[in-house]
Amino acid sequence: MEKISWIKELVKAEQQMEESGLVDMSFGFDADKILINETIQFLLELKTEFVDASTSFNELKPSALGRIKIYGIAKTHADFMLFRNGFKMIFSLKAPGQISIRFNFIGTNYIPTPGSEAQAAATNVMDEHIVEAKWGAFGEIIWTYQNQPLKLEYMVRHYLTLFIKESSK
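One structure accompanies this document, and this report is about it. Note that the structure is a prediction, hence the values are computed from the model and not measured.

The next thing to look at is the pattern of salt bridges. Close approach of charged atoms allows side chains of opposite charge to pair. According to the stated counting rule, one finds 2 salt bridges in the structure shown. Of the charged contacts, one joins glutamate 128 and lysine 94 as a salt bridge, the two residues approaching to 2.9 Å between their closest N and O atoms. Taken together, the positions of glutamate 128 in the loop between β5 (123–125) and β6 (129–135) and lysine 94 in strand β3 (residues 87–95) put the pair 34 residues apart, joining distant regions of the chain. Here glutamate 128 falls in the partly exposed class, since its relative accessible area comes to 35%. Looking at lysine 94, the relative accessible area reads 46%, which means it is partly exposed. For glutamate 132, the salt bridge identified is with lysine 134, shortest N-O distance 3.8 Å. Note on lysine 134: relative accessible area 32%, which makes it partly exposed.

Moving on: the side chain of aspartate 79. Secondary-structure assignment places aspartate 79 in the loop between β1 (69–72) and β2 (80–84). Despite its burial, aspartate 79 pairs with no opposite charge, the nearest such side chain being arginine 102 at 7.5 Å. At 3.0 Å, the side chain of aspartate 79 and the backbone nitrogen of leucine 93 are in polar contact. If near-sequence neighbours (up to four positions away) are discounted, aspartate 79 is found in contact with Leu43, Gly72, Ile73, Phe91, Ser92 and Leu93.

The subject of this paragraph is helix α1 (residues 5–20). With 16 residues, α1 extends 23 Å between its outermost C-alpha atoms, agreeing within 8% with the 22 Å of an ideal straight helix rising 1.5 Å per residue. Trailing α1 by a residue or two, glycine 21 shows a phi angle of about 80 degrees, which is positive.

Now for the packing of helix α2 (residues 31–60) against helix α4 (residues 152–167). Put simply, α2 and α4 touch, their axes get as near as 10 Å, and they point 55 degrees apart. Put simply, α2 runs oblique to α4. In this structure, α2 crosses over α4, and the sense of that crossing is right-handed. Contact residues: α2 offers Phe42, Glu45, Leu46, Glu49, Phe50, Ala53, Ser54 and Phe57, while α4 offers Leu152, Met155, Val156, Tyr159, Leu160 and Ile164. In the contact of α2 with α4, the residues fall into 11 nonpolar, 1 polar and 2 charged.

Conventions used here
- Residues numbered from 1 in each chain as written.
- Predicted model: local features only at pLDDT ≥ 70, side-chain atom pairs only at ≥ 80, totals over all residues.
- Heavy atoms only, no water.
- Salt bridge = Lys/Arg side-chain N within 4 Å of Asp/Glu carboxyl O.
- Helix = DSSP H or I, 4+ residues; strand = E, 2+ residues; numbered from the N terminus.
- Buried < 20%, exposed > 50% of the residue type's maximum accessible area, 1.4 Å probe, protein only.
- Lys, Arg positive; Asp, Glu negative; His and termini not counted.
- Polar contact = N/O pair within 3.5 Å; in protein donor to acceptor, adjacent residues only side chain to side chain.
- Contact = heavy atoms within 4.5 Å.
- Expected span 1.5 Å × (residues − 1).
- Axes fitted to C-alpha atoms, helices over the stretch in contact; angles between N-to-C directions.
- Parallel < 35°, antiparallel > 145°, perpendicular 65-115°, else oblique.
- Left-handed = near helix turned anticlockwise from the far one by under 90°.
- Nonpolar A, V, L, I, M, F, W, Y, C, P; charged D, E, K, R; others polar.

Everything listed is a geometric property; what it means functionally is a separate question.
Printed below as a string of structure tokens:
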């Protein structure tokens, strides 16, 4: 979210109040809108950090085999996935204030029909991890995992390390 967007929202809310003649008690504070914008912004920052870390990994890797690729996901604003050796780690907006992290491997020996038991056996899915936003003092958004505050750089280090370990098997 840009630095003055909240000021723009205040101006807009005040103009609407002046035009309608009605006093709005929530004046300039739309929790749902703030939460969705902050979630998208966090996902975009997360993607930027993964791009930087993956680029460094790929540059330091002597061979082109097993390099990490990062893709945006169709029809979403900020969702993305890491891909390497048939493994995917997917970061997606689950709900306002919730980011889902899923990891899976798709076997390459054959292509099973969708919905079949063979497809379920060929795809191993890691438990879904949820990163959640909590409201802090003065409307601050605090990102947490299992109710513990997190720092972006440590989150990227943890998941990239896990991804590299699992995708190298």
